[in-house]
Amino acid sequence: MNLSGGETEALARKAARGAGLPWGLAEEAGMAARWLAERGLPGAATFAALLTEIDGAGPLPPVPGETWRAKDDRLCPICCGAALSDRLETGPLVVLDVLHPLLMLPHLASVADRTGRPVTIRWPGGGAILSRTPSLHGALPPARGNVRILPARAPGPWPRAPRTPDPVTPEAFDILNAFAHRTYAPAHLGREGGAGAGLTDSD
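Fair warning: this is a prediction, and the values are worked out from it, not measured in the lab. (Residues numbered from 1 in each chain as written. Predicted model: local features only at pLDDT ≥ 70, side-chain atom pairs only at ≥ 80, totals over all residues. Heavy atoms only, no water.)

Draft legend 1. Seen up close, the overall build of the chain. When you go through the chain residue by residue, the secondary structure sums to seven helices and seven strands. Shown N-terminal to C-terminal, the secondary structure of the chain runs as helices and strands in the order α-α-α-β-β-α-β-α-β-β-β-β-α-α. Counting only contacts in the chain whose residues sit at least 6 apart along the sequence, the fraction spanning at least 24 positions is 65%. As displayed, the chain offers around 9,700 Å² of accessible surface, 53% of which is attributable to carbon and sulfur atoms. (Helix = DSSP H or I, 4+ residues; strand = E, 2+ residues; numbered from the N terminus. Contact = heavy atoms within 4.5 Å. Areas by Shrake-Rupley, 256 points an atom, 1.4 Å probe, with all protein chains shown as cover.)

Structure, rendered in structure tokens:
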């Protein structure tokens, strides 16, 4: 299923809201899914898997420190990504038990773009260097694991991520669409209360 970047972003944003994430994180999630999909990486499918795991849990932010840990037993990659900008100014960082760390790549790319310095992320069996064009090697990140993030001295020699947009699988679309539908007003409310604009997501 071929969605435009804007369609992927809007669907992921609405799905995040349907899963209980606040507006700010939902917007971050939409941008992350789009960034990955436009670079040939499975942003929509990975985000659909994440929402299935954290449905209703709300934000799962890290406990600050030299090593980021979960308050419970897992970290949300969107929460981690949104908190990365300031922390990376002070040096390397280890993040433990983060779900679907692929979703952190767009935030790291934003840090690299803002600072003008590439950023490296490593996970078991692979890694990436984020600069203007992401370079990846090895396997994609696992569904859950530990990652190490550190400034890179230069863009890496690893293969660059493809620029061909990644199509949204029917399974991922159905999952995201189901979450997004939670943000819509029931039909009877729309009839009885006007358009129901106060209850719908009016992006």
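Following the structure, the description resumes.
Draft legend 2. Region of interest: the pattern of salt bridges. Counting across every chain of the model gives six salt bridges. Here Arg13 and Glu9 are joined by a salt bridge, their closest N and O atoms 3.9 Å apart. Remark: Glu9 and Arg13 occur in helix α1 (residues 5-18); sequence separation between them is four residues, near one turn of the helix. The exposure class assigned to Arg13 is buried, which follows from its relative accessible area of 15%. Ionic pairing is found between Asp73 and Arg74, a salt bridge with its closest N-O pair at 3.9 Å. (Salt bridge = Lys/Arg side-chain N within 4 Å of Asp/Glu carboxyl O. Buried < 20%, exposed > 50% of the residue type's maximum accessible area, 1.4 Å probe, protein only.)

Draft legend 3. Highlighting the pairing of strand β4 (residues 119-123). With four of five residues buried, β4 lies mostly within the body of the structure. Pairing geometry for β4 and strand β5 (residues 126-130), over five bridges, is antiparallel. Along β5, the bridge assignment pairs Trp123 with Gly126. If you look at the hairpin formed by β4 and β5, you'll find two residues sitting between the two strands, and Gly125 has a positive phi there, around 90°. With four bridges connecting them, β4 and strand β7 (residues 144-151) associate as antiparallel partners. Looking at β7, one finds that Arg122 is bridged to Arg148. (Pairing = 2+ DSSP bridges.)

Draft legend 4. Summary view of the packing of α1 against helix α2 (residues 23-38). Closest axis-to-axis distance for the α1/α2 pair is 7 Å, and the angle between their directions is 145°. Crossing handedness for the pair α1 and α2: right-handed. Residues Gly5, Gly6, Thr8, Glu9, Ala12, Arg13, Ala16 and Arg17 of α1 touch α2, and the partners they reach there are Trp23, Ala26, Glu27, Ala29, Gly30, Met31, Ala33, Arg34, Ala37 and Glu38. (Axes fitted to C-alpha atoms, helices over the stretch in contact; angles between N-to-C directions. Left-handed = near helix turned anticlockwise from the far one by under 90°.)

Draft legend 5. Region of the structure containing the side chain of Thr46. Here Thr46 lies in helix α3 (residues 43-54). A relative accessible area of 11% places Thr46 in the buried class. Setting aside its immediate chain neighbours within four residues, Thr46 contacts His100, Leu102 and Leu103.

Draft legend 6. Representation of the state of the cysteines. Under the definition given, this model contains zero disulfides. No disulfide involves Cys76; its nearest neighbouring cysteine sulfur is the one of Cys79, lying 4.0 Å away. On the basis of relative accessible area, Cys76 is assigned to the buried category, the value being 0%. Judged by relative accessible area, Cys79 falls into the buried class, the value being 8%. (Disulfide = S-S within 2.5 Å.)

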